[in-house]
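# Coordinate inspection notes
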Amino acid sequence: MAGKVKWVTDIEKSVLINNFEKRGWVQVTDSEDWNFYWMSVQTIRNVFSVEAGYRLSDDQIVNHFPNHYELTRKDLMVKNIKRYRKELEKEGSPLAEKDENGKYLYLDFVPVTYMLPADYNLFVEEFRKSPSSTWIMKPCGKAQGKGIFLINKLSQIKKWSRDSKTSSFVSQSTKEAYVISLYINNPLLIGGRKFDLRLYVLVSTYRPLRCYMYKLGFCRFCTVKYTPSTSELDNMFVHLTNVAIQKHGEDYNHIHGGKWTVNNLRLYLESTRGKEVTGKLFDEIHWIIVQSLKAVAPVMNNDKHCFECYGYDIIIDDKLKPWLIEVNASPSLTSSTANDRILKYNLINDTLNIAVPNGEIPDCKWNKSPPKEVLGNYEILYDEELAQGDGADRELRSRPGQSLGPKGGRSRDSGRTVLTTWK
Amino acid sequence: MLQEESDLSLVIAQIVQKLKGSHLYAQLERQAWGSWEKRILKSLNSMCTELSIPLARKRPVGEQKELLNKWNEMGTDEPDLSLFRPVYAPKDFLEVLINLRNPNYENGDSLSFRTHLGLIQVPLKVKDIPELKEFFVELGLTTGQLGIDDSTQVPPELFENEHVRIGQKVLAEQDSAAAQQYVRQGSPTALRAELWALILNISSQPEDILYYEQLKTNVIQHDLLVDSLIYKDVKLTASNDDYYFVFEDYLYQVLLCFSRDTSVLGHFAYNSASPPKSYIRGKLGLEEYAVFYPPNGVIPFHGFSMYVAPLCFLYHEPSKLYQIFREMYVRFFFRLHSISSHPSGIVSLCLLFETLLQTYLPQLFYHLREIGAQPLRISFKWMVRAFSGYLATDQLLLLWDRILGYNSLEILAGKILAAAVFAFRAVNLMEVTSLAAAEAVLADLSTLKVMPLLQIFLFATVT
C-alpha cells in the first residue's frame, strides 16, 4: 500500500518517537487522519467511551484494548482470576484441582487479596487467622508505588472499616478503592536483597489468544538490605522495588540502576540451585502469565484495532514460587540508565514490527500472525490457534531449560497433558 | 668447512646468550620486584602518614559490636573514602614491566628478539601457535565445547546432553583429576560450582568454616588501613558493574577476611616475589619487629575485588565462597600481578600476546604501533583481571573453566584470548588513528563469545 503511516502520540518519549521516525512514518495530530496512535491510558478511555462515538476505521491501530483495566486494575485482575478459577472448578477441569488445604495446585499465583472497603469483613476474618502476618495496601488506580503502605495491625486500616452503607466515606469513588493483599515476606533474596521481575508481554488478540513474551525482561533490586522486621515496615526502600521509589534512595546507582537482566537471574539460579528447578520456575512464570490472560480473555473487548504491551510484575519467594503482583497497561518508557534506554528502544521496535507488519499502513483485518523473522526479542508465549491445531506442539516446543513458553500440552484447556509435564 | 664452523659458533653464541640471559633475568626479576615492592609500600606508608591513620589498630568494643551487626550489609556503610586512593592500578604495573630490560641485551640480541617491537623486552620463552594447538588440543574444532556446541541452533543430543551426563558421573565419583580434564570442554552451569570445588579440593569441612569465622573475628577486632582500600575498590569497581553490584556485601566479607589470612603467605614460596614487610612503630629495620603487612602479604590494587565478584554467581555461602577464592588466588590470580618468568606469569602472558599479534597480524600490529596505540596497553588490563568485568559473566565462567582445566592462565588471560579479540576487531582497528579510538573499538567486550573466538584464532588461522 502506498503512503506513509501517520502516527500520533500523547506520550513524549524519545524511545517511541525515534522508532516512528526511523520507519519514515509521518507525525500528525489526533484531529487529522491517523493510522497509528500510541495513547496514554487516559486517552484510550476517551476514545472508546460511549459518548465519544469514536469509530476507528480499518487502517487505524491503537496500543490499548478498550477495557484493559480488567487486567491492569489490581482489584479487577483479582476478581477476574477468582471468577476464572471458580468457572474451571465448576466444569471439573483438572486445572482447578486443589490440595488438602483447599489451595489451588496450579492456579494459586496471586497472593490472597481483598477489596476494601467492600470485603472488609472477609478480610478481618482472614487476618485473624494469622495475626502476625503483614499485609500490603495498594490504591487500585495508582501506579509507581504511590500510596502503598504495609500494615500488620487492624487498627492501621480503621477507616476502611466503616459500614459501607454510610455515605460519608467515599467508597463510591473508585479512586479511593484499595486492595489489600497478603504480603510476601519470604521473597527470594539475592545478595541479601529483595527484587522483583518486570516482564513485557505483547497481546495482539484475546480471542483467539495470541501473546508474546519479551526475552529481555529485568529484575529490579531494592538498594537496602531486606529485613522482614517490623521496625522497617515503613521503609519503602526495603520493600518496594519500583524504580520510581528506589531512584530516590541514597544508594541508587545510575549506571546499572539496580537492575539485572533475566538472563543473569537465570545464570545465578542455575549455578546455585540447579537447572531443573530453574527451568521449572521459568515455566511457572510463563504459565501464570498465560493463565492471567486467559482469565480476562472472555471479558475483554477484543477490538481488532487494538494490541497491547503489558508490564508484568512478578515476585519470586524463597521456595522459588512466582507470584503475580500486578499487570501494567502503560509500562514506563522512561529510561533510568543507558542500558535501559537501549532496552526500551528495542522493545518498542520489536513491538511495532509485530503490531504493524512491514511498517506499512495497517489493515486491522489482517490475521495477526507475523512471520517468525520479525519477532526480534519476542518469543511466542501462547498461540491459541496453533495450540488447538494439529502439530501445534512443533511451534511451541522449546529446548530444555530455555522455555519458549508452555509446552504443547499445556495449551489445551483440558489440561490433561499439563499434569503430566508438571508432575 | 668454514661455513659449518661459523654456523656452529653462531649457535653456541646464541645458547650462551640464552643461558646468560636467563640467569641475568632471574636477578633482574628480583631487582625489579624489589623496587616495585618498595614503591608500593612507600605509597601505603605515606597514605598512612598523610591521613594520620595507623596501618592497623584495635577497634574499641562499641565499634566492634556495630560492625558485627552490620556484617551482612557493609555496603551501606558510607565511610569517607575520598582521601584514599588505590595503591596502584594495572597501568602502573605495566610501566614497571615495560622497563624490565636487560642492559646486556643492547648488543648481541638473540636473532629472533631483535625484531620484537612490542613493549615487553624480556627474552622469555613462550609457546607459538603450533605448540599452543598441542597444549590446548581439547579446544580443537572437532571436539565438542560448551560455549559453542550448546547454542540454541544445535540440538542438545549432539553434544550437550552427553556432556552433562559425563559431568554428573565425574561428580558422583568425586574424581578431581577427571573433573579437571572434563572442564576443558566447558562446564554445564548447574554443575560448575561443584566441579570447581572438586578441582580445587575445597570441601567445606567444619574446620574450614571455623577458620573463616576466626578470620571474621579478626576483622571485627582489628581495623586495617587496607580495609579502606578494599572498600574503595569495591565501590569503584564491583558496585558499578551490571552483573556484580548485587553481591557488594559478599565482597567485603571475603576480602576483609582475605587480608588477614596468613595462610596466604604460603604462596610466596613459589612466587618469586616476597611479601611486603612493615615494622612495629619505632623499630624500623629491626628484623625481630618485622611483620607482614597486610597479614596475607597481598596489597590490593585497583580492580582486585573483581577476582572475587564472578565467584558470587556460583557460591552464596560466605565461607565456601571464601575458600574457593583463596584457592583460585594462590593458584592463579597472584601470577597476574607479580613479576616472574613462569609461563603463566603476567610477563610471559604479555610477551606471548605481543608475539602472537606481531607474528600473525603484523599489519594490524604495526598500524597500531604507528598511531601510538601499542596493543599491550589496551589488553593489559584485561589480562591482569583475568577478563573479569570485561566479558559477560557466562562467557567469563566458560573461560575460567579452561583456566582450571588446563591449570594455566595462558589461555585467557590473555595471551590467546586477548590476541583473538584484536584479530576479531582487526578491520575496525585498522581504521583508527589514535589510541583513544583504538580503546573505543575495544571498550565493550560484553557481547563477545569466548570459545568461538579462541577456536578460530588457534585452529583456523593460516600460519
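Structure: above.
What comes next is a walk through the structure. Keep in mind the model is a prediction, meaning the values are calculated, not measured. (Residues numbered from 1 in each chain as written. Chains lettered and ligands numbered in written order. Predicted model: local features only at pLDDT ≥ 70, side-chain atom pairs only at ≥ 80, totals over all residues. Heavy atoms only, no water.)

Cis geometry marks the peptide bond from Leu 116 of chain A to Pro 117 of chain A, where omega comes out at 5 degrees. Its place among the elements puts Pro 117 of chain A in the loop between strand S5 (113–116) and helix H5 (120–129). Each neighbour pair has its own omega, and for Arg 207 of chain A with Pro 208 of chain A the value is 5 degrees, a cis peptide bond. Within the fold, Pro 208 of chain A resides in the loop between strand S10 (193–206) and strand S11 (209–214). Look at Gln 174 of chain B: it is not a glycine, yet its phi comes out positive at around 50 degrees. Mapping Gln 174 of chain B onto the fold places it in the loop between helix H6 (160–173) and helix H7 (176–182). Phi at Asn 407 of chain B takes a positive value of approximately 50 degrees, unusual for a residue other than glycine. Here Asn 407 of chain B lies in the loop between helix H16 (393–406) and helix H17 (415–424). With relative accessibility at 43%, the residue Asn 407 of chain B sits in the partly exposed group. (Helix = DSSP H or I, 4+ residues; strand = E, 2+ residues; numbered from the N terminus. Buried < 20%, exposed > 50% of the residue type's maximum accessible area, 1.4 Å probe, protein only.)

To continue, consider the packing of helix H8 (residues 262–273) of chain A against helix H9 (residues 275–296) of chain A. Residues and elements named next belong to chain A. At their nearest, the axes of H8 and H9 sit 7 Å apart, and the two run at 145 degrees to each other. Residue-level contacts link Val 262, Leu 265, Arg 266, Leu 269, Glu 270 and Arg 273 of H8 to Lys 275, Val 277, Thr 278, Gly 279, Leu 281 and Phe 282 of H9. A breakdown of the residues in the contact of H8 with H9 according to their chemical character gives six nonpolar, two polar and four charged. (Axes fitted to C-alpha atoms, helices over the stretch in contact; angles between N-to-C directions. Contact = heavy atoms within 4.5 Å. Nonpolar A, V, L, I, M, F, W, Y, C, P; charged D, E, K, R; others polar.)

So, on to a negative patch on the surface. Residue and element names in this part refer to chain A. A cluster of like negative charges, contributed by Asp 10, Glu 12, Asp 30, Glu 32, Asp 33, Asp 59 and Asp 363, occupies part of the molecular surface. Locating Asp 363 in the fold gives a position in the loop between helix H10 (338–355) and strand S16 (378–383). The partly exposed category is assigned to Asp 363, whose relative accessible area is 35%. (Patch = residues over 30% accessible without salt bridge, like charges linked within 9 Å, V, L, I, M, F, W, Y side chains within 5 Å. Areas by Shrake-Rupley, 256 points an atom, 1.4 Å probe, with all protein chains shown as cover. Salt bridge = Lys/Arg side-chain N within 4 Å of Asp/Glu carboxyl O. Lys, Arg positive; Asp, Glu negative; His and termini not counted. Charge placed at Lys NZ, Arg CZ, Asp CG, Glu CD.)

Pairs may arise between side chains of opposite charge once their charged atoms sit close together. Residues and elements named next belong to chain B. Evaluated as defined, the whole model comprises 33 salt bridges over all chains. Note that Arg 57 is salt-bridged to Glu 63, the shortest N-O span being 2.9 Å. Judged by relative accessible area, which is 30%, Arg 57 ranks as partly exposed. Glu 439 is the salt-bridge partner of Lys 381, the closest N and O atoms lying 3.2 Å from each other. A residue pair is termed long-range when its members are at least 10 positions apart, and Lys 381 in helix H15 (residues 375–384) and Glu 439 in helix H19 (residues 435–441) qualify at 58 residues. Taking the relative accessible area as the measure of exposure, Lys 381 reaches 26% and is therefore partly exposed. By relative accessible area, which is 28% here, Glu 439 ends up partly exposed. Through salt bridges that share partners, Arg 57, Arg 59, Glu 63, Asp 223, Asp 227 and Arg 260 make up one connected network.

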